[in-house]
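Residues per chain, in single letters:
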Protein chains: 2
Amino acid sequence: MKFSTRSRYGTRAMLDLALHDNSSPVRLKDLARRQGVSVKYLEQIIPALKNAGFIRSIRGINGGYTLAKGAGEIRLLDIVEALEGSLSPVDCVDMPKWCPRSGECATHEVWRDVRKAIDDVLGGTTLADLAERQRALSEPR
Amino acid sequence: MKFSTRSRYGTRAMLDLALHDNSSPVRLKDLARRQGVSVKYLEQIIPALKNAGFIRSIRGINGGYTLAKGAGEIRLLDIVEALEGSLSPVDCVDMPKWCPRSGECATHEVWRDVRKAIDDVLGGTTLADLAERQRALSEPR
DNA sequence: AATAATTCCTAGTAATTATATAGGATTATT
DNA sequence: AATAATCCTATATAATTACTAGGAATTATT
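Residues numbered from 1 in each chain as written. Chains lettered and ligands numbered in written order. Predicted model: local features only at pLDDT ≥ 70, side-chain atom pairs only at ≥ 80, totals over all residues. Heavy atoms only, no water.

### Brief notes about the protein's contact with DNA strand C
Link 1 in the chain: Inspection of the region around DNA strand C gives 25 residues, with A:K40, B:R27, B:E43, B:S57 and B:Y65 positioned closest.
Link 2 in the chain: Considering DNA strand C, the proportion of its atoms within 4 Å of the protein that are sugar or phosphate atoms stands at 65%.
Link 3 in the chain: Interatomic distance of 3.4 Å between a side-chain N/O atom of A:N62 and a sugar or linking oxygen of DNA strand C.
Link 4 in the chain: Here B:Q44 contributes a side-chain N or O atom positioned 3.4 Å from a base nitrogen of DNA strand C.
Link 5 in the chain: Element by element, the count of residues in the surface near DNA strand C is highest for helix α3 (residues 39-51) of chain A, at 4 residues.
Link 6 in the chain: Along the lines of polarity and charge, the residues of the surface near DNA strand C split into 7 nonpolar, 10 polar and 8 charged. (Near = heavy atom within 4 Å. Polar contact = N/O pair within 3.5 Å; in protein donor to acceptor, adjacent residues only side chain to side chain. Helix = DSSP H or I, 4+ residues; strand = E, 2+ residues; numbered from the N terminus. Nonpolar A, V, L, I, M, F, W, Y, C, P; charged D, E, K, R; others polar.)

### Things to note about the pattern of salt bridges
Link 1 in the chain: By the definition in use, this model includes 26 salt bridges over all chains.
Link 2 in the chain: Of the charged contacts, one joins A:D94 and A:R115 as a salt bridge, the two residues approaching to 3.6 Å between their closest N and O atoms. Of the two residues, A:D94 sits in helix α5 (residues 91-94) while A:R115 sits in helix α6 (residues 106-123), which places them 21 residues apart along the sequence.
Link 3 in the chain: Residue A:R115 is classed as buried on the basis of its relative accessible area of 13%.
Link 4 in the chain: Here B:E81 makes a salt bridge to B:R115, at a shortest N to O gap of 3.1 Å. Here the residue B:E81 occupies a position in helix α4 (residues 76-84), and B:R115 occupies one in helix α6 (residues 106-123), the gap between them amounting to 34 residues.
Link 5 in the chain: Taken together, the shared-partner salt bridges connect A:E81, A:D94, A:R115 and A:D119 into one network. (Salt bridge = Lys/Arg side-chain N within 4 Å of Asp/Glu carboxyl O. Buried < 20%, exposed > 50% of the residue type's maximum accessible area, 1.4 Å probe, protein only.)

### Some thoughts on the interface of chain A and chain B
Link 1 in the chain: Contact with chain A, which involves 39 residues of that partner, is made by 39 residues of chain B.
Link 2 in the chain: Summing both sides of the interface, chain A and chain B together bury roughly 3,800 Å²; the carbon and sulfur share of this comes to 66%.
Link 3 in the chain: When the buried area of chain A at its contact with chain B is split by residue, A:M1, A:K2 and A:F3 rank highest and sum to 19% of it.
Link 4 in the chain: Two residues, B:D113 and A:R133, come together in a salt bridge whose shortest N-O distance is 3.0 Å. (Contact = heavy atoms within 4.5 Å. Buried area = accessible area lost by both parts, 1.4 Å probe.)

### Focus on the pairing of strand β1 (residues 55-58) of chain A
Residues and elements named next belong to chain A.
Link 1 in the chain: Summarising the sheet, β1 and strand β2 (residues 64-67) pair through 4 bridges and their orientation is antiparallel. Residue pairing for β2: S57 is matched across the bridge by Y65.
Link 2 in the chain: Here β1 hands over to β2 after 5 residues, with G60 in that stretch at a positive phi of 80°. (Pairing = 2+ DSSP bridges.)

### Notes on the relation of the copies chain A and chain B
Comparison of the two chain copies shows a relationship of rotation about an axis with a shift along it.
Link 1 in the chain: Each copy superposes on the other: chain A lies on chain B with an RMSD of 0.0 Å after a rotation of 180° and an axial shift of 0.0 Å. On this basis, the relationship between the two copies can be described by a two-fold rotation axis. Of the C-alpha atoms belonging to chain A, the one lying closest to the rotation axis is found on A:M1, 2.4 Å away.
Link 2 in the chain: Mapped onto chain B, 100% of the interface residues of chain A are again interface residues, and the two copies thus contact each other with one and the same surface. (Least-squares fit on C-alpha atoms with pLDDT ≥ 70 in both.)

### Points about the packing of helix α1 (residues 5-19) of chain B against α4(B)
The relative placement of two packed helices comes down to the angle between their axes together with the axis-to-axis distance.
Residues and elements named next belong to chain B.
Link 1 in the chain: For the pair α1 and α4, the least separation of the axes is 9 Å and the interaxial angle reads 135°. When the axis of α1 is compared with that of α4, the two are oblique. Between α1 and α4 lies a crossing of right-handed hand. Contact residues: R6, S7, G10, T11 and M14 in α1; I79, V80, L83 and E84 in α4.
Link 2 in the chain: The residue inventory of the contact of α1 with α4, partitioned by class, reads 4 nonpolar, 3 polar and 2 charged. (Axes fitted to C-alpha atoms, helices over the stretch in contact; angles between N-to-C directions. Parallel < 35°, antiparallel > 145°, perpendicular 65-115°, else oblique. Left-handed = near helix turned anticlockwise from the far one by under 90°.)

### Regarding the packing of α1(B) against helix α7 (residues 127-138) of chain B
Residues and elements named next belong to chain B.
Link 1 in the chain: Between α1 and α7, whose axes approach to 9 Å, the crossing angle comes to 75°. Here α1 is positioned roughly perpendicular relative to α7, judged by the angle of their axes. For the pair α1 and α7, the contacting residues are T11, M14, L15, A18 and L19 in the first and L127, L130, A131, Q134 and R135 in the second.
Link 2 in the chain: For the contact of α1 with α7, the residue count by class is 7 nonpolar, 2 polar and 1 charged.

### Some remarks on the side chain of B:T107
Link 1 in the chain: Considering the arrangement of structural elements, one finds B:T107 in helix α6.
Link 2 in the chain: Setting aside chain neighbours within four positions, we find B:T107 in contact with A:T11, A:R12, A:L15 and A:L130.

Pasting the structure below:
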């Protein structure tokens with residue numbers, strides 16, 4: 001019941017892009033250095049974010065990545081699901097038929113509740129919210 | 001981000017024991033048949049529940065398992081953690097030092113919120129609640 | 001005392017997933 | 001033409017998952 005490093009690194013990458021939004025494209029090299037992840041591994045994670053339509057890439061020299069939408073339109077739920085797959089703690093939540101008991105199983109209902117609770121947290125937080133939290137954390141006091 | 005079969009089967013096993021509480025000890029054979037799991041696999045899951053103090057075993061012929069406490073005193077959170085380990089979606093939630101960034105990382109806060117949401121659902125549901133839900137589901141209407 | 005039915009314990013194993021690394025192809029600026 | 005970036009595909013390794021197997025220990029019944 002852990003998120004994979006893909007989700008952790010990928011979410012941090014999205015946050016990094018959000019914080020550098022209104023500047024020139026962010027090079028993978030810089031992103032990797034700031035986040036403490038290898039370029040090669042990030043390179044493998046990024047396509048999922050691109051396919052999901054969250055980021056745009058610019059190739060060639062002076063290339064890099066930028067957000068493809070406003071940070072306020074991207075929910076953390078979407079990011080993590082793009083990287084991790086469904087966040088249902090058991091398969092019967094997404095596919096009731098997957099388990100023949102699901103219709104008459106009380107645990108099924110609880111797993112559904114768990115899923116909803118995760119949805120509410122991650123679905124209620126946008127990348128803009130996350131960036132704001134980050135700025136608050138980094139702010140000198 | 002899935003529960004293991006240990007958690008799914010183990011929780012169902014606990015529910016089964018709760019539903020057969022005030023009768024003679026439940027044999028693993030019967031439990032396994034009703035839940036559609038092999039005896040051998042359940043045999044491997046059960047010790048975690050016993051070590052956690054949730055069930056009691058009676059050895060020898062006519063042996064089996066019973067709950068060791070009232071169903072109302074056992075939270076699903078405790079059961080799943082006994083079977084699954086910590087439900088924190090990332091290690092930095094339990095061990096902030098595990099990631100050097102945790103003190104200044106906004107994602108850390110969100111992962112903490114996710115953990116809390118799961119805690120609230122699973123910590124707010126006892127085995128007695130689950131059994132009641134199950135009875136309601138099985139009830140003829 | 002023997003038998004049978006149960007839990008208990010330890011080890012093994014095949015498949016999958018996680019976490020990367022490697023090498024080179026493609027693209028665009030200068 | 002050179003350079004610096006993204007893109008694509010393959011490979012490696014370690015850990016985890018989901019079991020299975022075999023037999024030892026225990027206890028009620030006969």
